[in-house]
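Single-letter residue listing:
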Amino acid sequence: MIKFRILFIAILFQFLSQHCEASNGYELWLGYEKMNNPVLQVKYQSVFKNIYLPQNSNDKTISIVQTELKLASKRIIGTTPQFVDNEKNAQLIFKIDTANKNIGQEGFEIISSVHAGQKNIITLSAKSKFGLLYGCFELIRAMQMQKDPSALHITSTPMLNIRMLNHWDNINRSVERGYAGISIFNWHTLPDYKDKRYYDYARANASIGINATVVTNVNANALFLTHEYLLKVKSLAEIFRPYGIKIYLTARFSAPIEIGGLKTADPLNDQVKNWWKEKANEIYDLIPDFGGFLVKANSEGQPGPQNYNRSHADGANMIAEAVAPHNGIVIWRAFVYSNEQPDDRAKQAYSEFTPYDGKFNKNVLVQIKNGPIDFQPREPFHPLFGAMPKTPVMMEFQITQEYLGQATHLVYEGPMFKEILESKINASKTVMDVLENKENALSGMSGVANIGNDVNWCGHPFAQANWYAYGRLAWNLHLSASDIANEWIQQTWSQEKQVVDTIQNIMMSSYENMVKYMTPLGLHHIMGNGHHYGPMPWGNTLSRADWNPVYYHRSDTLGIGFNRSASGSNAVAQYDPWVQKQWSDSNSCDEKYLLWFHHVSWNHKMKSGNNLWNELCYEYNQGVSGVEKMNQQWKGLQSKINPDDFEPINQLLAIQLHDAIWWRDACLLYFQTFSKQPFPNNYPKAKYNLKYYQSLNFPFAPGNGK
Ligand code: BDP
């Protein structure tokens with residue numbers, strides 16, 4: 001009997017050791033798994049034997065570097081390094097070198113050299129302590145990516161200065177468009193309770209180079225600017241500072257009225273100007289490195305300068321003047337549209353902002369969403385990129401998957417970010433070039449965070465990859481989506497080739513699959529009203545025309561699509577003529593944007609030879625097949641992944657497949673009422689009729705509350 005037991009335990013042990021260890025996801029990509037390459041392990045052990053750090057025992061950033069090196073060494077290569085006070089005795093040397101011409105202020109250089117006695121020495125130099133911190137994480141990443149320490153030569157400087165997360169978090173901890181629990185920022189227990197999570201959040205951000213965070217919703221609450229709340233913000237700022245992260249707040253334009261007791265918030269009124277100046281002084285007294293304000297004004301009902309017949313420039317400059325003496329900045333959002341204007345919503349930001357190019361103060365950046373509507377599965381790049389050459393502009397991506405299946409669907413956003421960044425705004429420049437803004441110190445990218453207090457931070461275990469990819473790209477716009485996926489997988493899941501390749505494959509196909517089962521061929525904004533989950537192309541009940549799906553797809557018996565060509569809204573004219581040429585003719589337009597720019601007949605001939613209706617059916621079905629494949633690929637990893645990690649994703653992928661079929665069937669049954677054409681031969685038959693899909697209702701869908 002005992003023998004059997006021992007045998008059983010031995011088999012169980014063997015079985016468990018074949019799986020990666022279970023993780024609840026809290027450690028993100030920083031779990032630092034043991035290295036499984038004995039040769040490299042020995043090499044790294046010798047490098048991590050004696051480490052020299054700049055001698056300033058009180059500096060918090062240097063002590064973070066030290067803690068990180070200890071942890072990585074212990075977990076990855078199983079040794080504990082000595083920290084020595086003479087660089088001559090060290091094999092790993094961190095040093096500040098302000099004269100290093102190869103790097104910028106936040107950059108670092110890692111150089112490996114072989115010294116007498118065949119000793120491998122690694123020198124990591126930076127101009128600032130934050131450069132050392134970023135370099136430290138890069139070195140640890142190199143270990144996990146199994147790079148040979150004797151061949152390391154990495155020179156790296158971030159391409160953008162402001163690499164920012166935007167939290168749409170409210171004072172009551174609800175998160176607008178958040179799908180991973182409630183806000184991590186607990187305003188009730190701040191400033192005194194310093195949750196460990198704040199430190200872990202800062203550490204994760206630093207590991208990917210994020211250096212700025214806006215902790216409050218763009219639909220702003222003026223209470224955050226009261227002294228009581230500023231003390232809470234100060235407490236967070238102190239935690240984030242050693243990690244190189246500056247804190248920003250959203251500014252409610254009407255705050256002078258709401259909390260200042262003034263009768264107006266008119267940006268040209270002296271009392272108002274003075275109120276903002278005093279508020280800025282108060283903030284900087286508490287938080288000397290406060291980053292500045294992010295402002296959503298005159299958009300979706302938010303107050304702004306236009307309430308007083310003033311311009312965006314008047315509003316932005318007034319606040320910019322208040323923070324300028326403290327080196328603060330104002331980030332003014334270009335996401336504006338108003339129902340009163342009968343014109344195409346896609347055109348409004350461009351029309352409102354281009355007249356003010358060159359009229360903003362020097363410390364103002366205009367933040368532009370990636371596309372002209374609103375974080376749709378696929379949009380062409382926003383026409384404002386390149387259209388305001390005298391104004392520093394910033395990219396706004398949405399990491400949280402408001403329109404992308406939320407935290408239920410596995411969608412890796414790397415390819416989407418890259419598609420936009422690499423888009424050409426004219427014959428010679430890309431969106432990336434515009435962002436990089438070499439002539440000006442102000443450049444940046446912001447990502448609407450997908451972070452909440454779920455144990456694994458992001459809801460879907462794969463949504464962490466979107467936070468990771470966003471940060472890595474904000475640092476280096478040239479990284480490829482597949483390389484970033486590869487890094488993330490190796491740090492999060494496994495280093496075993498079959499696992500890495502399969503997961504990478506799933507991730508890399510996921511974006512295109514999602515576009516196909518939701519909004520193929522340039523369709524957009526046809527998701528459920530309000531909560532934006534699931535299909536509702538028939539939606540037509542909201543008070544504003546441009547909140548309703550029918551506004552966007554414009555299906556009728558003649559065809560489908562929004563005519564934004566010269567014969568329609570002519571939104572295409574907002575692009576450079578070089579770009580216009582590619583999109584303005586429905587016969588030559590890139591088909592991924594066809595229905596974005598054109599209303600075409602159901603019989604329109606596509607490049608494949610199909611008519612549009614059949615092509616639409618084909619695309620939707622391809623999206624479904626893609627998700628079927630993702631399911632199969634994941635199931636193929638069952639023996640390699642710990643059941644506790646395997647099963648949740650298995651279940652989520654099953655929901656994703658169900659939803660992809662739902663999207664396909666609901667949309668096509670609805671569009672068929674206009675096309676009046678049969679489904680192609682052998683096409684899968686919908687399980688339910690259109691009425692059924694139209695009856696579905698989701699009053700408690702997440703992320704929609706205030
Ligand atoms: C939309 C969201 C809304 C945000 C708005 C914004 O649905 O909740 O407030 O964007 O960016 O995507 O201001």
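The structure displayed is predicted, hence computed values, not measured ones.

Regarding its fold elements, the protein chain presents 21 helices and 16 strands. The C-alpha radius of gyration of the protein chain comes to 27 Å, within 12% of the 27 Å expected for a compact globule of 706 residues. With the principal axes as the frame, the protein chain shows a C-alpha extent of 80 × 80 × 50 Å. Going through the 706 residues of the protein chain one by one, you find that 61% of them count as buried. Taking contacts inside the protein chain between residues at least 6 apart in sequence as the whole, the part at least 24 apart equals 74%.

Around the ligand sit 14 residues, and of these Glu176, Lys296, Arg333, Asp374 and Glu402 come closest. Within the contact set of the ligand, an oxygen atom lies 2.6 Å away from a side-chain nitrogen or oxygen of Lys296. The separation between an oxygen atom of the ligand and a polar side-chain atom of Glu402 is 2.5 Å. For the shell around the ligand, a count of residues per class yields four nonpolar, two polar and eight charged.

At a closest axis distance of 10 Å, the pairing of helix 14 (residues 481-492) and helix 15 (residues 497-518) adopts a crossing angle of 130°. Classified by the angle between their axes, helix 14 and helix 15 sit oblique to one another. The hand of the helix 14/helix 15 crossing is right-handed. Here Ala481, Ser482, Ala485, Asn486, Trp488, Ile489 and Gln490 of helix 14 lie close against helix 15, whose contacting residues are Val500, Ile503, Gln504, Met507 and Met508. For the contact of helix 14 with helix 15, the residue count by class is eight nonpolar, four polar and no charged.

Domain assignment breaks the protein chain into domain 1 (29-156), domain 2 (162-492) and domain 3 (516-562 + 599-695). Centre-to-centre, using C-alpha coordinates, domain 1 lies 49 Å away from domain 3.

The next thing to look at is the nonpolar core. Counting 223 residues, the largest nonpolar core has Phe240, Trp276, Phe293, Trp467, Trp634 and Phe671 as its most contacted members. With 14 residues, helix 20 (residues 643-675) is the largest single contributor of residues to this core. Discounting residues that sit within four places of it in the chain, Phe240 has contacts with Phe185, Tyr198, Tyr201, Ala202, Thr213, Val215, Ile245 and Ile247. If you look at the next biggest cluster of nonpolar residues, it comprises five residues, including Tyr52, Val84, Ala90 and Ile93.

Before going further, it helps to examine the pattern of salt bridges. Evaluation of the coordinates by the stated rule reveals 29 salt bridges. A salt bridge links Glu396 to Arg333, with the shortest nitrogen-to-oxygen separation between them at 2.6 Å. Residue Glu396 is located in strand 13 (residues 393-398), and its partner Arg333 is located in strand 11 (residues 329-333); the two are separated by 63 residues in the primary sequence. There is no split in this pair, since Glu396 and Arg333 are both buried. A salt bridge links Arg544 to Asp546; its shortest N-O distance comes to 3.2 Å.

Time to look at helix 3 (residues 60-77). Here helix 3 is 18 residues long and its end C-alpha atoms lie 25 Å apart, about the 26 Å a rise of 1.5 Å per residue gives. One side-chain oxygen at the N-terminal end of helix 3 lies 2.9 Å from the backbone nitrogen of Thr61; it belongs to Asp59. Looking one or two residues past helix 3, Gly78 carries a phi angle of roughly 75°, positive in sign.

Attention now moves to the packing of aromatic side chains. Enumeration over the complete set of coordinates arrives at 49 aromatic pairs. When the ring of Trp29 is compared with that of Trp467, the centres are 5.2 Å apart and the planes differ by 85°; the resulting orientation is edge-to-face. One end of the pair, Trp29, is in the loop between helix 1 (2-18) and helix 2 (38-47); the other, Trp467, is in helix 13 (residues 464-475), and 438 residues separate them in sequence. Take Trp29: its relative accessible area is 0%, and that puts it in the buried class. On the basis of relative accessibility, which here comes to 0%, the residue Trp467 falls in the buried class. Taken together, the ring pairs in this structure connect Tyr26, Trp29, Phe185, Trp187, Tyr198, Tyr201, Phe224, Tyr229, Phe240, Trp457, Trp467 and Tyr468 into an aromatic cluster. Positioned above the aromatic ring of Trp596, the side-chain terminus of Arg564 is 5.1 Å from the ring centre.

With an omega of 5°, the peptide bond running from Leu190 to Pro191 counts as cis. Position of Pro191 relative to the elements: it lies in the loop between strand 7 (162-166) and helix 5 (196-207). Of note, the phi angle at Asn682 is positive, near 60°, even though the residue is not glycine. With respect to the element layout, Asn682 can be found in the loop between helix 20 and helix 21 (690-695). Judged by relative accessible area, which is 79%, Asn682 ranks as exposed.

Rules used in this analysis
- Residues numbered from 1 in each chain as written.
- Predicted model: local features only at pLDDT ≥ 70, side-chain atom pairs only at ≥ 80, totals over all residues.
- Heavy atoms only, no water.
- Helix = DSSP H or I, 4+ residues; strand = E, 2+ residues; numbered from the N terminus.
- Rg over C-alpha atoms; globule rule 2.2 N^0.38 Å.
- Buried < 20%, exposed > 50% of the residue type's maximum accessible area, 1.4 Å probe, protein only.
- Contact = heavy atoms within 4.5 Å.
- Near = heavy atom within 4 Å.
- Polar contact = N/O pair within 3.5 Å; in protein donor to acceptor, adjacent residues only side chain to side chain.
- Nonpolar A, V, L, I, M, F, W, Y, C, P; charged D, E, K, R; others polar.
- Axes fitted to C-alpha atoms, helices over the stretch in contact; angles between N-to-C directions.
- Parallel < 35°, antiparallel > 145°, perpendicular 65-115°, else oblique.
- Left-handed = near helix turned anticlockwise from the far one by under 90°.
- Domains from an automatic or database assignment.
- Core = buried A, V, L, I, M, F, W, Y, C linked by side-chain atoms within 4.5 Å.
- Salt bridge = Lys/Arg side-chain N within 4 Å of Asp/Glu carboxyl O.
- Expected span 1.5 Å × (residues − 1).
- Phe/Tyr/Trp six-rings, centres within 6.5 Å; stacked < 30°, edge-to-face > 60°.
- Lys NZ or Arg CZ within 6 Å of the ring centre and 35° of its normal.

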